[in-house]
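Here is how the chains run, residue by residue.
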Amino acid sequence: MDVENYQYQGTQKLVYTNNSPDELTRVYYHLYFNAFQPGSEMDIRLQNIDDPDGRMFVEGKSRIAALSPNEIGYLHPTSLTQDGEKVKFNEEGTVLVVELAKPIQAGGKTTFEMAFKGQVPVQIRRSGRNNKEGVALSMSQWYPKLAEYDFEGWHADPYIAREFHGVWGDFDVKLTIDKDYIVGGTGYLQNPQEIGHGYEATGTKVKKAKGKTLTWHFKAPMVHDFMWAADPDYLHDTLKMEKGPTLHFLYKNDPEIIENWKKLQPKTAEAMEFFSKNIGKYPYEQYSVVHGGDGGMEYAMSTLISGGRKLGSLVGVMSHEMAHSWFQHILATNETKHEWMDEGFTSFISNLCMNKIMERNKDNPFENTYKGYRNLALSGKEQPQATHADRYGHNFAYGASAYSKGSIFLSQLGYIIGEDKLMETIRKYFDDFKFKHPVPNDIKRTAEKVSGMELDWYLMDWTQTTNTIDYNLKDVSNAGAKTKVTMERKGLMPMPLDILVVYNDGTRETFYAPLRMMRGEKENPYPDLKRTVLPDWPWAYPTFEFSINRPINEIRAIMIDPSQLMADVDPENNFWQSLD
Ligand SMILES: [Zn+2]
């Protein structure tokens, strides 16, 4: 790495095992830094979307379009061999197409050796040089990265805006950089006693290196990405968790931010414990929180976050990005196709984590998430969650769909199958599918096995359509000693219903109308209250009636879904109360 002109060169040896049942005649690599050039697909999309990202588009102009040749990013392979034989390769924007010298048989192995050169772009999105807060090098998406081949074929997506998918491997990385720079990111440092900079064993002294550079040697087993960041002014703290990984914190020596970055450290340990308990054991020995990038972005064993934040926001972004370790890096769903399974599930669990570790103790920590989804559903701009992450018409619709609607997939699943069964589903899903790239059907089948219910309707309507949920308390009327309640399904998407009845004397009881097609019932979510299980409500019937065994003048209020975890797009009509 040349820290003066931001250019770098490298060699890469890649031993590839074809674990598919197919013979491969081509492979693809991602060359992400080529996106930061005028006229790239990323630049053109930026200029053609209605609501461009404010970090990339300033005063009506694409920042990429304005880059000069010494500010652009690039990544160019200069030679490539397969088992020592030269192969043909061709750059198509951010993707390298390689015609193999000889096919790789199913189960076969081959070795690629490549030389490449790159230039770090001015920081525009995620990676780059000299970010807004003065971090010199945020190096994500920086090396030629093999594309994923799986049961669906190749996933050689161009880098247009967002979301990644990758191949697991054991990484062995050597970085040679000016010796004043402190490096943090993915991987275990192999030569801490040569490097120092806070990596050396406590209480030991490190001999000053001769020459201008240091070579940092990292190993990272079973990861599908490798990020690093470097700055001459980083402070570096470590925290060894008792029954967990070592946490590293690298942040600018800026008096404005130091106090919060110190307070962040025990909270990071608490978040690590929370996720390990509620999802599954973190399988690596390290996690690094690194100051850099342009907001917050998850990488293997690490994150890059912007640092000048209030404490709540700093802990919040750490918690979100760390939660990605389980969903984006260990389960590693293809987030370009199923972005909701990554961003949504991550948002769900990090929200629960923040509620706990920041002692917010909210009954419903997802209130804003539901607001975000309702905004989307009523905006006319919603697309099904099954949309490819790059193919949303609006950034707003992508965000609300992936994060809010994706998070509600789980919180609402908890409403359907019960909270305990939901948490059991998440733990089993992680345990059964870690390091396996699960697809939407896998989370559904796991929930079905845990709950005993059939949930295909839920997966389909919620993730593959824009159908909405709208139930209505249509009529409450006097029927002598009893009260007749008529409910109406106004939306296309079906749901089971919990109904709460509150009497004038302060007593309460609940009713439960299961959905016929789910073929099961959840446990009583309000064990302190009497619950009456009503006959199933078959979806096609637009209305459903039941009676309450007390006269109408004794009832104060009736409410559909008192938990408010059902994403009804019009919650106003879920409520009835007596007039006096
Ligand atoms: Zn995220």
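Overview of the structure. Just so you know, these numbers come straight off a predicted model, no measurement behind them. (Residues numbered from 1 in each chain as written. Predicted model: local features only at pLDDT ≥ 70, side-chain atom pairs only at ≥ 80, totals over all residues. Heavy atoms only, no water.)

1. Notes on the pattern of salt bridges
Right, so step 1: For the structure shown, the criterion picks out 23 salt bridges.
Right, so step 2: With a closest N to O distance of 2.7 Å, K337 and E152 form a salt bridge. One end of the pair, K337, is in the loop between α4 (311-331) and α5 (339-357); the other, E152, is in the loop between β13 (148-150) and β14 (153-155), with 185 residues separating them in the sequence.
Right, so step 3: Between D505 and R550 there is a salt bridge, and its shortest N-O distance comes to 2.9 Å. Of the two residues, D505 sits in the loop between β27 (497-503) and β28 (508-513) while R550 sits in the loop between β30 (543-548) and β31 (555-560), which places them 45 residues apart along the sequence.
Right, so step 4: Through salt bridges with shared partners, a single ionic network connects D53, R55, R125 and D294. (Salt bridge = Lys/Arg side-chain N within 4 Å of Asp/Glu carboxyl O. Helix = DSSP H or I, 4+ residues; strand = E, 2+ residues; numbered from the N terminus.)

2. Here we look at the packing of aromatic side chains
Right, so step 1: For the coordinates displayed, the defined rule picks out 39 aromatic pairs.
Right, so step 2: Where Y282 meets W326, the ring centres are 5.4 Å apart and the plane angle is 45°; that geometry is what we call tilted. Residue Y282 is located in the loop between α3 (258-278) and β22 (286-291), and its partner W326 is located in helix α4; the two are separated by 44 residues in the primary sequence. Of the two residues examined, Y282 and W326, each falls in the buried class.
Right, so step 3: Where F345 meets Y429, the ring centres are 6.3 Å apart and the plane angle is 75°; that geometry is what we call edge-to-face. With F345 in helix α5 and Y429 in helix α8 (residues 419-433), this pair connects stretches of sequence that are 84 residues apart.
Right, so step 4: Owing to a relative accessible area of 1%, F345 belongs among the buried residues under this scheme. (Phe/Tyr/Trp six-rings, centres within 6.5 Å; stacked < 30°, edge-to-face > 60°. Buried < 20%, exposed > 50% of the residue type's maximum accessible area, 1.4 Å probe, protein only.)

3. Details of the coordination of the zinc ion
Put simply, a metal with four donors set out as a tetrahedron has ideal angles of 109.5 degrees, and one with six donors set out as an octahedron has ideal angles of 90 or 180 degrees.
Right, so step 1: Within the protein, H320 (NE2), H324 (NE2) and E343 (OE) serve as the donor atoms for the zinc ion, at 2.0 to 2.1 Å.
Right, so step 2: On the primary sequence, the residues serving as donors to the zinc ion are separated as H-x3-H-x18-E. On the criterion of sequence distance, the pair formed by H320 in helix α4 and E343 in helix α5 is long-range, its members being 23 residues apart. Just as H320 is buried, E343 falls in that class too. (Donors = N, O, S within 2.8 Å, 3.2 Å for Na, K, Ca; no water.)

4. Concerning the pairing of strand β21 (residues 246-252)
For a regular strand, side-chain orientation follows a simple rule: the groups alternate between the two sheet faces.
Right, so step 1: Within β21, 7 of the 7 residues are buried, leaving the element largely enclosed by the surrounding structure.
Right, so step 2: Side chains T246, H248, L250 and K252 of β21 all project onto a buried face; the interleaved residues L247, F249 and Y251 project onto the opposite face, where all are buried too.
Right, so step 3: Where strand β20 (residues 234-240) and β21 come together, 7 bridges link them in antiparallel fashion. Each bridged residue has a counterpart across the sheet, and for T238 the counterpart in β21 is H248.
Right, so step 4: As consecutive antiparallel partners, β20 and β21 are separated by 5 residues.
Right, so step 5: Pairing between β21 and β22: 5 bridges, direction parallel. Within β22, the position partnered with L247 by the bridge is Y287.
Right, so step 6: Note on the crossover from β21 through α3 to β22: the handedness is left-handed. (Pairing = 2+ DSSP bridges. Right-handed = clockwise from strand over helix to strand, strands pointing away.)

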